[in-house]
Amino acid sequence: MFNDIGALELVTLAVLGVLIFGPDKLPKVIQDASRFIRKVREFSDSAKEDIRTELGPAFKDFEFEDLNPKTFVRKQLMDGSDDLGLKEIRESFDLRKEMSEVADAVHGRESLTKESAGGVSGGAAIAAANGSPGAPDLLKKREQPAKDDRPPFDADAT
């Protein structure tokens, strides 16, 4: 609960406590606060134990932390039995590799995929997969026009 409080925060709280309650009443206030926290913890623990006994032996492994959605999902999907094969899917998915392949395809470079290892470029592999050997390679960069050629102008587009 108080794991992220540093030394500066503790000193600040001590100074504020002395200023607000005074040096005479501060020990009594600290004792009362610690007694209150202890009673709340005891009440919480007894309530948890009562709920566990009421649920019966079927829920002996029940933890209240599992009610937190993040913990529940982590326990069910990450640590639980792998009936759905999620672990294999998670391990086979390589986001960096997928992103580099997409970037290579966009920039017209050959990536080191199964297709390019056999000497087929990404666009040619797509055209061959589509069954059209004469299809233009859409991933290939266009040739730059000569300097005296004017680029095409579309008056309706401007």
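Here the structure is a predicted model, which means the values were calculated and not measured. (Residues numbered from 1 in each chain as written. Predicted model: local features only at pLDDT ≥ 70, side-chain atom pairs only at ≥ 80, totals over all residues. Heavy atoms only, no water.)

Q: Is there a simple way to think about the environment of I51 in this case?
A: Within the fold, I51 resides in helix 1 (residues 7–55). Placed 11 residues apart in sequence, I51 and F62 show a C-alpha to C-alpha distance of 10.0 Å. (Helix = DSSP H or I, 4+ residues; strand = E, 2+ residues; numbered from the N terminus.)

Q: I keep staring at the environment of V29 and nothing clicks. Help me out?
A: By secondary structure assignment, the location of V29 is in helix 1. Each C-alpha atom, one on V29 and one on G17, is 9.1 Å from the other, the two residues being 12 residues apart in sequence.

Q: Is there a simple way to explain the pattern of salt bridges in this structure?
A: Side-chain pairs of opposite charge can arise where the charged atoms are in close proximity. Summed over the entire model, instances satisfying the criterion amount to 2 salt bridges. With a closest N to O distance of 3.4 Å, K28 and D32 form a salt bridge. On the criterion of helical spacing, the pair formed by K28 and D32 is a turn pair, its members being 4 residues apart in helix 1. Judged by relative accessible area, D32 falls into the partly exposed class, the value being 33%. Across the pair R35 and D32 runs a salt bridge, and its minimum N-O distance is 3.1 Å. Highlighted residues: R35 and D32, both in helix 1, separated by 3 residues, approximately one helical turn. (Salt bridge = Lys/Arg side-chain N within 4 Å of Asp/Glu carboxyl O. Buried < 20%, exposed > 50% of the residue type's maximum accessible area, 1.4 Å probe, protein only.)

Q: How should I be thinking about the confidence of the model for the protein chain in this particular structure?
A: As a note on interpretation, predicted positions should not be read in detail where pLDDT is low. Mean pLDDT over the protein chain works out to 75, with 66% of the residues at or above the 70 mark. Per-residue pLDDT, averaged within each element of the protein chain, yields its smallest value for helix 5 (residues 114–117) (46) and its largest for helix 1 (91). Between residues 114–132, whose pLDDT stays under 50, and residues either more than four places distant or in other chains, the model counts 14 contacts. (pLDDT = per-residue confidence, 0-100. Contact = heavy atoms within 4.5 Å.)

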